[in-house]
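Breakdown of the fold
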Amino acid sequence: MQSLYDNLKSLFALDGFEGQRPDLAFVNVSREQLRPLLLHLRDQEGFTHLVLLTAVDWIEDEQFQLTYLLHDRANARDVGVRLMLPRENASMDSVHDLWPTAATYQRELREMFGIDFPGSPRVDEDFILEGWTDLPPYRRDFDTLEYAQDTYKDRPGRETRDPALHMKEKLYPDGGDNG
Amino acid sequence: MADRSQYPSPGPDGTLDIDLSSGKYLKLWQGPNHPGITGNMAVELTVCGDEVVEGKTHVGYLHRGFEKLMERRTFIQCFPIVCRICVPEPDFNEYCYAAAVEELAGLEVPEKAKWIRALILEMGRINSYLMYLGGQAGAFGQGVIGQWTTYARDLMLDRFEELTGARIYHMFILPGGVRDDLPEGFQERMEDTLQEIESTLSDVYDTMFRNAVFKKRAAGLGYVDPAVIDRYGVTGPVARGAGIAKDVRKDQPYLVYDQLDFEPVTANESDVYARADVRRRDLLMSVDLIRQILARMPRKGEVMATLPNVLHWQIPRGETYVRGECSRGEYGYYLVTDGSGYPRRVNVRGPSYTHAMALLEKLIVNVNISDVAGLMVSLHTYPPEIER
Amino acid sequence: MKDEFEKRLENQPDERPKRQALRDIPIREELSPRTVRTPDGQEIKIDPLQDYFCQAGPTVQTPAYTKIIEDLFNWARAESLWILGFGTGCGAIEMRPLMTPRFDAYRYGIQWRPTPRQANLLVISGYLSVKTLKRAIRAYEQMQNPKYVVGLGSCTINGGMYWDSYNTIKCLDEYMPVDLYITGCMPRPEALLQGFDDLKKLIRAGKGEGANKYAENFEWYKANQKRVIKDWDMPDYNW
C-alpha cells in the first residue's frame, strides 16, 4: 500500500492515510477532491469495484463520515475513502454515473440518515420504510427503544427482574447494610 | 423473428418513453410473496403485451433495523442476533462479525477453530445451493427437484444439529473461536450424508439439467455482460457464469483456504443455464472441500481463544472491513468501534444488495412475464440481507 | 371468569404519549378520487377505495342449528386446514420441510394454497414488520369464515429478539385474533406438526372462534392497526 500512497500523495491533498491491514487502507479527503480521487482510483489504479458506501454518525463531533470502499481484484487490495460532512442539511454529490450500483446505497443513506444525494435515480422514493414520520432511524439521536415502547404495545405481564436486586431483597428484607 | 411492429420502440438514447395513459401498457405487481424468490421482495412490472418494459424493485418487508439494534448491544450480545440477518445461510454473518471483532481486538484464533469454521461455512454453502436448485427448477415448473433437494438439505441440517445444537440458527462461531469441538463419530456420519447428497445431485442433473424444457427456457435468458460486472458490483456465481473467475476464497484466502486444493468454477455463456451449472459444480466442489477439511484437520487442539471479561469488553477505536465468499457472492462486514463497549456502526454488505436492485432492473427489460421468476431465482437473492 | 383478552379489551385507555409525527403522509395518487380519461375518449369519475371494495364489515358466523351438525362441521374444518402460502418472516424456512416427504404435513390434510380465497389458516411465521403487517391484514380479511391464525415463533408472542426494534410489532394479538401460538426460534418441523395437532383439537372442541372475535371487536382491532400503520390507505370495511 505504500506505493499507492506515494502515487496519490503527489496528485491529491490527502488529510490522512491509515493502514489497517497489509491489504486495506483508509484515506481521508475533502469534499472537492472526492470525485477526482475516485476517478483516478477507478481508471488509473485499477480499483474498479465499489464494494460499499456507508455513513457513520459521529454525533459528538456533529459530523457524518461517508466511507466509499473500493476493491482492486488484480492486486487484492482495498482502499476506503473517508469524507466528513456536517450534520445539518447533509448532502453530497452523487456518484451513480461512475457506478450504477451506487444509486441503491444512496437511496438507503437518504432514508436512514437523511443525507441527500441530488440527482440520484429514485432517491426520493421510500426504500425500506413505509409511512415513516419520524427522524431518520440510523441517526444517533433517534432512540429506538423509546420509539418501540411508544408505538407498539407489549404483551401485559412482562417484567424484568435484576438478580442482584432480588438477592438483596431476599437477604436483607429490612433494607439492611449494603454488603 | 417475432413481429415487433406493434411494440413501442426505444428513443435515440435507448430509453423507452412509457406513456401509461395510452392503453398499451399494464402494470403488474409481482410480490412480495411468490414462488420466484425466497423471502419477501416485490417487483413492479410495466408490461407491454407479454414483455416487460420496466421493472422497479421494492424491498423493506423484512426490515428489523439490525444495524441500529447492534449499537445497543455489547459485542458479546451481538453475536446471537447476527445470524438472523440472512435466513437461509446464517453462518456467514457469524463468521464475518467474529473476524471483524477479532481483528479490531487483536485476538488470535486457534488453529483447530479455523478448520471447524471452514467446515461449517462449507456445510452452509451446500445447504444454500440445494435450496437454490429447488427454487430454480420450481420457477420453470419442475416441482419434484425441490422435494429432493429439500430432503438432502434436511440431512445436512441433521449434521448441523448434531454439531451445533440447532437446525437453522446455530450461533456457533463467536469472536475467539467456535463453541465446541466435533462430536464422536462425526466424520463417518458426515461421509454418509455426503454420499446421499451426491446421489441426489446426480438425479437432479439427469432430471433438470438434461431436460429439454429447462434447457430451452433457461438458455439465453438473463445475459449479464462481462464488461458491466464491476460497475454493478456483481460477485459470486453470477460473475463466474460470465467467465470471470472471481472467488474470494482464491483471491484473498481467509481461514484455511490456502491449504486446500480447489479451483474456481466458471462458465462462459452467462445465462441462467450457465449460472445453474456453475452452482451445481460449485456444490460438488464443496462436497470435496468438506472431505479435504475432515481429512486434514488437526485431531487435537483448543477451539476457543481466551477472551477478556466479556461483560466489560472494550475495543479500541478503529474500523475494518472483512469479506468472505458465501454461496451468493461476496459477503462483508464493515465495523467501526469507538473505544466503548458497544459497536459504533456495523454495516452488512450482502451480495443481494447489488444483484437484486440495480442489476435486476437492468436485466428485466424485454423478458417474458413467465420468465421473470426464473430470472430472479437465478440471481440467487435473499431479501433479508438487502434490508437487514 | 374473564380471560386475559377480555381484560385487555376493557382496560383500553390510551394514556401513552403519542409521538409527534414529523410529516404527513398524503394518500397515494392512484388511490385518490379523480376523473380519468378512458382509452376510447370518455371522461369518468372514479374513487378506487370505494369502487373496488365491498362496504360491509365482517359478520359473526353463528354455529349450526344442532350440536351434532356443528361437531360434524368442526371435524371437517379441522381435518382440512389449508394454509395460505405467505411466508411473512423467518419461519417460512421451516415450513418448506413440511411439504416434503420427511415431515409430511399432507397426510394430516394440510395443504398450502396460493390465494387467500382458498385458505382457512394463516400462519404468521415470525416477526412482522409494519409493511408486512398491512399486507397480512389484507390477506386475512380476504379469507372466508371460518378462519384461524397461528402465531409461529417467539416474535409473535412478545417481540422476541427484536423487542427494541422500531419496525416490528411486539404482540400479534393486538392486530389479529390468534388461536394458537407455537414457541421457538425456530420451532422444529415436529413442533409445527404438534402445534397443528393442538389447533385441530381446539377446533374440534368448538373453540376456534378467532374470526368471530375479529368481527365482534372490529373497531378495537382497527384502532390498533391504525396506530402503527401510519399511511393507512385501506378502506375500513373489507370483505
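Anything mentioned here points back to the structure above.
In this text, all values refer to a predicted model and were calculated from it rather than measured experimentally. Residue indices begin from 1 for each chain and proceed along its sequence in written order. Chains carry letters and ligands carry numbers; both start at the beginning, A for chains and 1 for ligands, and go up in the order they are written. Per-residue local features are limited, in this predicted model, to residues with pLDDT of at least 70; the limit for side-chain atom pairs, both in listing and counting, is 80 or more; totals at the level of whole chains, interfaces and linings are taken over all residues.

Re the overall build of chain C
Working definition: helices are DSSP H or I runs of at least four residues, strands are E runs of at least two. Numbering for both runs from the N terminus. Along its length, chain C carries eight helices and seven strands. Put simply, a residue is buried when 20 or more other C-beta atoms lie within 10 Å of its own C-beta and exposed when 12 or fewer do; between those, it is partly exposed, and each C-beta is set from the backbone. Here chain C holds 239 residues, and 35% of them are scored as buried. Any two residues are considered in contact once their C-beta atoms, placed from the backbone, lie within 7 Å. Within chain C, contacts between residues separated by at least 24 positions form 77% of all contacts whose residues are at least 6 apart in sequence.

Thoughts on helix α3 (residues 91-105) of chain B
By this rule the span expected of a helix is its residue count minus one, scaled by 1.5 Å. Its 15 residues place the ends of α3(B) 21 Å apart at the C-alpha level, agreeing with the 21 Å of an ideal helix rising 1.5 Å per residue. Summarising burial for α3(B): 13 of the 15 residues are buried, a large majority.

Focus on the pairing of strand β7 (residues 330-337) of chain B
Residue and element names in this part refer to chain B. Within β7, eight of the eight residues are buried, which leaves it mostly tucked inside the rest of the structure. Every second residue of β7 is oriented toward a common face, with E330, G332, Y334 and V336 on one face and Y331, Y333, L335 and T337 on the other, all of them buried. Two strands are counted as paired when DSSP detects at least two bridges linking them. Inspection of the sheet shows strand β6 (residues 318-325) paired to β7 by eight bridges, in the antiparallel sense. Across the sheet, R323 pairs through a bridge with G332, a residue of β7.

What to know about the packing of helix α4 (residues 111-139) of chain B against helix α5 (residues 143-164) of chain B
All names here are of chain B. Running from N to C, α4 and α5 cross one another at 165 degrees; their axes reach a closest spacing of 7 Å. Considered as vectors, α4 and α5 are oriented roughly antiparallel to each other. When the axes of α4 and α5 are compared, the crossing they make is left-handed. In this structure, α4 uses M123, I126, N127, L130, M131, L133, G134, A137 and G138 to contact α5, whose residues at the interface are G143, I145, G146, T149, T150, A152, R153, M156, R159 and F160. Class assignment of the residues belonging to the contact of α4 with α5 gives a composition of ten nonpolar, seven polar and two charged. Axes, fitted as lines to C-alpha atoms, cover a helix only where it is in contact. Angles between the N-to-C directions of the axes lie from 0 to 180 degrees. Each angle gets one of four labels, with under 35 degrees taken as roughly parallel, over 145 as roughly antiparallel, 65 to 115 as roughly perpendicular, and the rest as oblique. Helix crossings get a hand from a simple test, with the near helix turned counterclockwise from the far one by less than a right angle marking a left-handed crossing and a clockwise turn marking a right-handed one. All amino acids are sorted into three groups, where Ala, Val, Leu, Ile, Met, Phe, Trp, Tyr, Cys and Pro are nonpolar, Asp, Glu, Lys and Arg are charged, and the leftover types, Gly among them, are polar.

Some points on the sheet that holds strand β1 (residues 26-30) of chain B
All names here are of chain B. Ordered by their spatial adjacency, three strands build an open sheet running β1-β2-β3, and the pairing between neighbours is antiparallel. The open sheet terminates on both sides in strands that have one partner only, identified here as β1 and β3 (51-58). In this sheet, neighbouring strand axes are inclined to one another by 25 degrees on average, regardless of whether the strands run parallel or antiparallel. Relative to strand β2 (residues 42-48), β1 is paired through five bridges, and the arrangement is antiparallel. When the bridges of β2 are listed, W29 appears paired with E44.

Things to note about the interface of chain B and chain C
Listed per partner, the contact involves 24 residues of chain B and 28 residues of chain C. Counted by class, the side of chain B that touches chain C contains ten nonpolar, nine polar and five charged residues.

Digging into the interface of chain A and chain B
Between chain A and chain B, the residue contacts involve 28 residues of the former and 28 residues of the latter. Among the elements of the structure, β2 (24-28), β3 (49-58), β5 (77-86) and α3 (102-112) of chain A are those that each provide at least two residues to the side of chain A that touches chain B. Per element, the largest residue contribution to the side of chain A that touches chain B is six residues, and it comes from β3(A). Taken together, the residues that form the side of chain A that touches chain B break down as 16 nonpolar, eight polar and four charged.

Some remarks on the packing of helix α6 (residues 186-209) of chain B against helix α10 (residues 272-296) of chain B
Residues and elements named next belong to chain B. One way to put it is that α6 packs onto α10 with a least axis distance of 11 Å and a crossing angle of 165 degrees. Taken together, the axes of α6 and α10 lie roughly antiparallel to each other. The handedness of the crossing between α6 and α10 is left-handed. Only D277, R280, L283, L284, V287, I290, R291 and L294 of α10 make contact with α6, whose side of the interface consists of Q187, M190, L194, I197, E198, L201, Y205 and F209.

The quantities given are spatial measurements derived from coordinates; they are silent on function.
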